[in-house]
Amino acid sequence: MLKLVINNSALISKGALSKQSEEIDYGLEASPIGTLLFDCMNIASSLYIFRARDLDHNLTCEMSLELTDGFAFSRDDISEEKYLVPSMTCNFPSIDVSRFNEKVCWDEYLQGTIMVQFQLKILEQLLLFCEEKDVAQLFLTTNNVNYDDLEIYRHFAVTEEQVIAAGEDQTKIVIPTDLESYDEVIEFMDKVDEDFRQTLWRNQKANPTFREYLMNHTLLVC
């Protein structure tokens, strides 16, 4: 069974989603990319605000989530007949990197890899939230200015299309929220993390930025 990350006082743990409050606190998670903070606040009957923060790398992301019904898509569905299933729409914004770039000394490899890790952890938490809400599929949308922000999520999408929302052209991708998708995300995350560690340790002598990063984040890349 999928488990949600929650905050139990000062204890870092995993467990079921709390239903005792309108605010869902996903808590602190010790992960290969640092200390992550996730929380999700219910602001209307089917509308939530999801926040993700990487405290070690000064990355922040906030987005709205809406529980809706949407036409079903699947990996192997070739039928033209569509039916409605519980879905979640997520308008994916740009991630604030104003302080992040300085933390990694503007190194392109660190920027790219840590950003991908952060985006994957966000997707993991979104899938866990969908599982808790019995949602069958996740719609991720973004305006075409931020089109590249969806790149990593295309690995797990079953379809992509252009839509018009809020008076502007947007790209929408659909990701199933089943266990197969979750396992794919976790497997992909593990590979990215392992490649990251190996690259840093292998090249630290020749790259002073890698060496400094390892000294400052030893626990994250051991």
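Section: helix α4 (residues 208-216)
Move 1: Residues of α4 that are buried: Thr-209, Phe-210, Tyr-213 and Leu-214. Here the buried residues of α4 occupy an arc of 135° about the axis, which is enough to place them on one side. Along α4, the residues that are exposed and aim more than 90 degrees away from the buried face are Pro-208, Met-215 and Asn-216.
Move 2: As for α4, its buried residues are in contact with α2 (108-132) and α3 (179-203).
Move 3: Taking the backbone nitrogen of Thr-209 as reference, a side-chain oxygen 2.9 Å away marks Asn-207 as the first, capping residue of α4.

Some thoughts on the pattern of salt bridges
Move 1: Applying the stated criterion to the full structure yields eight salt bridges.
Move 2: What you see here is one network of salt bridges that share partners, running through Asp-39, Arg-51 and Arg-53.

Some details on the confidence of the model for the chain
In regions of low pLDDT, the predicted coordinates are not meant to be interpreted in detail.
Move 1: Of the residues in the chain, 77% have a pLDDT of 70 or more, and the chain-wide mean is 80.
Move 2: Confidence scores differ between elements of the chain, with strand β2 (residues 11-15) showing the lowest mean pLDDT of 30 and α3 the highest of 95.
Move 3: Ignoring residues within four places in sequence, the model shows residues 1-33, a span with pLDDT below 50, making 88 contacts including any to other chains.

Describing the nonpolar core
Move 1: Within the largest apolar cluster, 46 residues are counted, with the highest numbers of intra-cluster contacts made by Leu-65, Phe-92, Ile-122, Leu-126, Leu-140 and Tyr-153.
Move 2: Top element by residues in this core is α2. It accounts for twelve residues.
Move 3: Not counting chain neighbours up to four residues away, the residues in contact with Leu-140 comprise Cys-90, Phe-92, Leu-126, Leu-150, Tyr-153, Thr-171, Lys-172, Ile-173 and Ile-175.

The rules we used
- Residues numbered from 1 in each chain as written.
- Predicted model: local features only at pLDDT ≥ 70, side-chain atom pairs only at ≥ 80, totals over all residues.
- Heavy atoms only, no water.
- Buried < 20%, exposed > 50% of the residue type's maximum accessible area, 1.4 Å probe, protein only.
- Helix = DSSP H or I, 4+ residues; strand = E, 2+ residues; numbered from the N terminus.
- Arc of directions from axis to C-beta.
- Contact = heavy atoms within 4.5 Å.
- Polar contact = N/O pair within 3.5 Å; in protein donor to acceptor, adjacent residues only side chain to side chain.
- Salt bridge = Lys/Arg side-chain N within 4 Å of Asp/Glu carboxyl O.
- pLDDT = per-residue confidence, 0-100.
- Core = buried A, V, L, I, M, F, W, Y, C linked by side-chain atoms within 4.5 Å.

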